[in-house]
Each structure stands twice: as structure tokens, then as C-alpha cells.
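For reference, the chains in residue letters:
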Amino acid sequence: MAAQFPEVVLASGSPRRRELLTLLGVEFRVQVSGEDEDSAETDPHRLAAELAALKGRSVAALNPDALVIASDTVVAVDGVLLAKPVNAAENADFLRQLSGRTHQVFTGVSVFLNSQEQTEVGRTDVTFRTLSETEIDYYAQSGEGLDKAGGYGVQGLGQALVSRIDGEFSNVVGFPMSVVIGLLRGHGVPVWGALTQEAAPA
């Protein structure tokens, strides 16, 4: 008799998260939360955890027998939060703040199964090279950063902004693979056909 695994529901409309979850060999469907994700929290680590949980709770309530996974990414420089820029001018302002400096990317991942909830947060430090005004304007006008926390996408044109990444690259994309794998396997969902991390041969 084939093993029974919980159905996986991704509570995110992000194409990047869909792509990364697909790469893990996990079958899933997407159901986006319509809940308000505003929060008064200002600590970026706690905010990432809270927003991920908020995204997932309403979807989990509608899918009590499924494993619901939700994620949210927060960018901060010197403790100042940089959300999604509202227009190209604000995007350019974000890039000026990030130019030549190291900032932090926090991604919260929440899973819900059988009325239980677990959230973990990944952190990656990203350093931008020093950008010229021409480069800042070019990137801001591209529009790539408008739907992304911090105002840039590291997997696209924005990779040209970055000089160093300390930590997990997929965390900057918005779905830290090591965290996701651990949470999925810990709740009975196989990744790459395995429920556990097998030791490498000696």
C-alpha cells in the first residue's frame, strides 16, 4: 500500500516560491490568502515570522487536512525596514540606502498541519557594491524591484547590484530551502523522495 502524505498547499502567489517548491519534488496547489498582512512589529526577524504566520492561518482554516506552507520576506538596513517600493522614485531611494552597504534579509516560513503551527526564520546578509546614480536610475526604471521587499530581485537583473552574499541564496529569493526542507520533512512530506536527511557515504 502506498504511503499517504498530507496534501501540500502553498499560501503564496509568488512565482519564485512556486518554482523553488517545485524544484524540491513536492506536489502542491496554490491558494493565496486574502487576509490583511499589516503588522505594527518593527523588529525584522519577528516581523518576518508574524507575516508568514498571518499569510498561512486563513488558508489553513480552509484546508484543515492539508499541510499549508506560507512565507514572507523582510529587508532591513541598520534596523530600518524596507518594504516593497510604491514607485520607481521610492525604489531609487531604497537603492541609495543599500548602495555600498550590507543589509539583512529575513524570510519567515510557517507550516500548519492538524491545528499545529510552526514558524522558522532564515537570515542572509547581502552586500551591495557602490552604485552610481545612472545605475540606480536604470534599475529603478526597469520595474523589477517594485513587487519585492527591499526593492530588488537577486535572481534577476538585481544580481548585478550585489557584491557579496553571506548565507542562503534562496532566502534572498524569498524561500529558504534548508528551512523549507526541514519543515516539510518534519511534518511527513518527502523532499526528493526522502523523509529524512540521509548521511553521505564514508
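About the criteria used
Residues numbered from 1 in each chain as written. Predicted model: local features only at pLDDT ≥ 70, side-chain atom pairs only at ≥ 80, totals over all residues. Heavy atoms only, no water. Helix = DSSP H or I, 4+ residues; strand = E, 2+ residues; numbered from the N terminus. Polar contact = N/O pair within 3.5 Å; in protein donor to acceptor, adjacent residues only side chain to side chain. Contact = heavy atoms within 4.5 Å. Core = buried A, V, L, I, M, F, W, Y, C linked by side-chain atoms within 4.5 Å. Buried < 20%, exposed > 50% of the residue type's maximum accessible area, 1.4 Å probe, protein only. Salt bridge = Lys/Arg side-chain N within 4 Å of Asp/Glu carboxyl O. Phe/Tyr/Trp six-rings, centres within 6.5 Å; stacked < 30°, edge-to-face > 60°. Pairing = 2+ DSSP bridges.

Its location among the elements puts His103 in strand 5 (residues 102–113). Looking at His103, its side chain comes within polar contact range of the side chain of Tyr152, at 2.7 Å.

By the secondary structure assignment, Val162 is in strand 7 (residues 162–166). Considering only alpha carbons, one finds Val162 and Ser33, 129 residues apart in sequence, at a separation of 32 Å. Ignoring sequence-local partners within four residues, the contact set of Val162 consists of Val126, Thr127, Phe128 and Val154.

If you look at the biggest cluster of nonpolar residues, it comprises 40 residues, and the most contacted ones within it are Leu21, Ile69, Phe128, Tyr152 and Leu184. Per-element accounting of this core gives the leading share, five residues, to helix 6 (residues 177–186). For Ile69, the residues in contact, after removing those within four places along its chain, are Val8, Val9, Leu10, Ala11, Val109, Ser110, Val111, Phe175, Val180 and Leu184. Within the second largest apolar cluster, eight residues are counted, among which are Val9, Val68, Ala70 and Phe112.

Now for the pattern of salt bridges. Applying the stated rule across the entire model yields 10 salt bridges. When the shortest N-O distance is used, the salt bridge between Arg129 and Glu135 registers 3.1 Å. Exposure remark for Arg129: the relative accessible area of 30% places this residue in the partly exposed category. Among the residues examined, Glu135 registers a relative accessible area of 30% and is labelled partly exposed.

Enumeration according to the criterion identifies one aromatic pair in this entry. Centre to centre, the rings of Phe128 and Tyr152 are 4.9 Å apart; their planes meet at 75°, and the pair counts as edge-to-face. Of the two residues, Phe128 sits in strand 6 (residues 116–128) while Tyr152 sits in the loop between helix 4 (133–142) and strand 7, which places them 24 residues apart along the sequence. For the pair shown, Phe128 and Tyr152 are each scored as buried.

It is worth spelling out the side chain of Arg16 at this point. Positionally, Arg16 belongs in helix 1 (residues 15–23). Not counting the four nearest positions on each side in its chain, Arg16 is found in contact with Asp147, Lys148, Gln155 and Val173.

The next subject is the pairing of strand 3 (residues 67–77). The buried fraction of strand 3 amounts to 11 of the 11 residues, a majority that puts the element mostly inside the structure. The two faces of strand 3 match: Leu67, Ile69, Ser71, Thr73, Val75 and Val77 on one face and Val68, Ala70, Asp72, Val74 and Ala76 on the other face are all buried. Direction of pairing for strand 1 (residues 8–10) relative to strand 3: parallel, over a ladder of three bridges. Across the sheet, the residue bridging to Val8 is Leu67, located in strand 3. In this structure, strand 3 lies alongside strand 4 (residues 80–82), joined through three bridges in antiparallel fashion. Following the sheet pairing, Val77 is matched in strand 4 by Val80. Hairpin connection from strand 3 to strand 4: two residues lie between these consecutive antiparallel strands, with Asp78 at a positive phi of about 50°.

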